[in-house]
Amino acid sequence: MLRGTSEVYPSSCLKENRVVNIKKVGIVGAGQMGNGIAHICALSGYDVVLSDVSQDRLDQALGEIETNLARQLARELIQLSDIEQTRARISLTTDLAAFANVDLAIEAATERRETKEQIFSQLCAVVPDHTILATNTSSISVTRLASTTDRPEKFIGLHFMNPVPLMKLMEIIRGLATDQATYDAAIAFADSLGKTTTNAEDYPAFIVNRVLIPMINEAIYALYEGVGTVESIDTAMRLGANHPMGPLTLADFIGLDTCLSIMQVLHDGLADTKYRPCPLLVKYVEAGWVGRKAGRGFYDYRGDTPVPSR
Ligand code: NAD
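Small disclaimer: the values here were computed from a predicted structure and weren't measured.

What counts and what doesn't
- Residues numbered from 1 in each chain as written.
- Predicted model: local features only at pLDDT ≥ 70, side-chain atom pairs only at ≥ 80, totals over all residues.
- Heavy atoms only, no water.
- Domains from an automatic or database assignment.
- Contact = heavy atoms within 4.5 Å.
- Buried area = accessible area lost by both parts, 1.4 Å probe.
- Salt bridge = Lys/Arg side-chain N within 4 Å of Asp/Glu carboxyl O.
- Polar contact = N/O pair within 3.5 Å; in protein donor to acceptor, adjacent residues only side chain to side chain.
- Nonpolar A, V, L, I, M, F, W, Y, C, P; charged D, E, K, R; others polar.
- Helix = DSSP H or I, 4+ residues; strand = E, 2+ residues; numbered from the N terminus.
- Expected span 1.5 Å × (residues − 1).
- Buried < 20%, exposed > 50% of the residue type's maximum accessible area, 1.4 Å probe, protein only.

1. Comments concerning the domain arrangement of the protein
Link 1 in the chain: Domain boundaries assigned for the protein yield domain 1 (11–200) and domain 2 (209–308).
Link 2 in the chain: If you average the C-alpha positions of domain 1 and of domain 2, the two centres end up 27 Å apart.
Link 3 in the chain: Contacts between the two partners involve 8 residues from domain 1, matched on the other side by 9 residues from domain 2.
Link 4 in the chain: Regarding the contact of domain 1 and domain 2, the summed buried area is about 690 Å², with carbon and sulfur atoms giving 53% of it.
Link 5 in the chain: For the domain 1 face of the interface with domain 2, the top three residues by lost area are Q32, E111 and S139, together amounting to 53%.
Link 6 in the chain: Remark: the boundary between domain 1 and domain 2 carries 0 salt bridges.
Link 7 in the chain: The interface formed by domain 1 and domain 2 holds 4 residue pairs in polar contact (both at pLDDT 80 or more) in total.
Link 8 in the chain: In the side of domain 1 that touches domain 2, the residues fall into 2 nonpolar, 5 polar and 1 charged.

Here is the structure:
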């Protein structure tokens, strides 16, 4: 299985890493996070069912998983047999009825509370009593989402980082009602995927995004106010603060719709004007220029190399 980016594990150890009580993982939402979560779960030996609203989305997700597995093979992080086994463990569906035998269901759909609540209500009607429910939300209250389900004690936040196969961290967020057995299973599950965990309390945007997204929002304000251009802001933060990528590149990578949702959760949840979303961020989202996944955000990705979109 994959552990981080630099170590190679023989495929023979794949199955042995699974958490004993978790055999099958269901993932709702096959976007950039959902396909990454499906990828690492299947690579680590779990059976995976991945769902989304349309077959097109699912086909696109499978294409991305295959591309990313091929990249790992080219870098000798995995073996050819891992690709075949991983692919064989993943099934795709637009029908949540296929979650009837999952032991862990991870919601990784669009960052809207109403969407997530609706998904959990559908899941509760289908999954067995023992199933743990998890959300990959970047910012929304885990306690609140849990309270809309029939099992708040078996509900937890598993916040993966993007891109999931490469990023080592998983933030674990316990809701008020999450019980110890669920927390222990979450830690063991993260470990089985080769992730390092950190605990965050259930306050808006947890740790990573509480710090990261306001920084990105501030970079967008710098652009909005004409302090710098897209390129000068990104270059300044790469070379001046030693960030591996500039904040506007990173915003495009995360998705501007997700960045805006997180700022709104921070603004609403903490009632501090320092969290007001930059109007320019709102405008880009209104235009549908939500970043890399849309082909255009602060940069235009439709040519051979990204160029500032305006
Ligand atoms: P995305 O836009 O790439 O994918 C979201 C997917 O959810 C889409 O394919 C959409 O069709 C699907 N979806 C929407 N409603 C659905 C429903 N009712 N049932 C099934 N699928 C549905 O977004 P993403 O970047 O993958 O983010 C997904 C979640 O992960 C969000 O909660 C986000 O906050 C969180 N997250 C994102 C990042 C990041 O860097 N992008 C990092 C960590 C966590």
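Continuing now.
2. Topic: helix α1 (residues 32–43)
Every α-helical turn comprises 3.6 residues, leaving residues that sit three or four positions apart pointing alike.
Link 1 in the chain: Here α1 spans 17 Å end to end across 12 residues, near enough to the 16 Å set by a 1.5 Å rise per residue.
Link 2 in the chain: Of all 12 residues in α1, 11 are buried, a share of seventy percent or more.
Link 3 in the chain: Listing the buried residues of α1 in full gives M33, G34, N35, G36, I37, A38, H39, I40, C41, A42 and L43.
Link 4 in the chain: In the stretch just after α1, G45 is the one whose phi turns positive, near 105 degrees.

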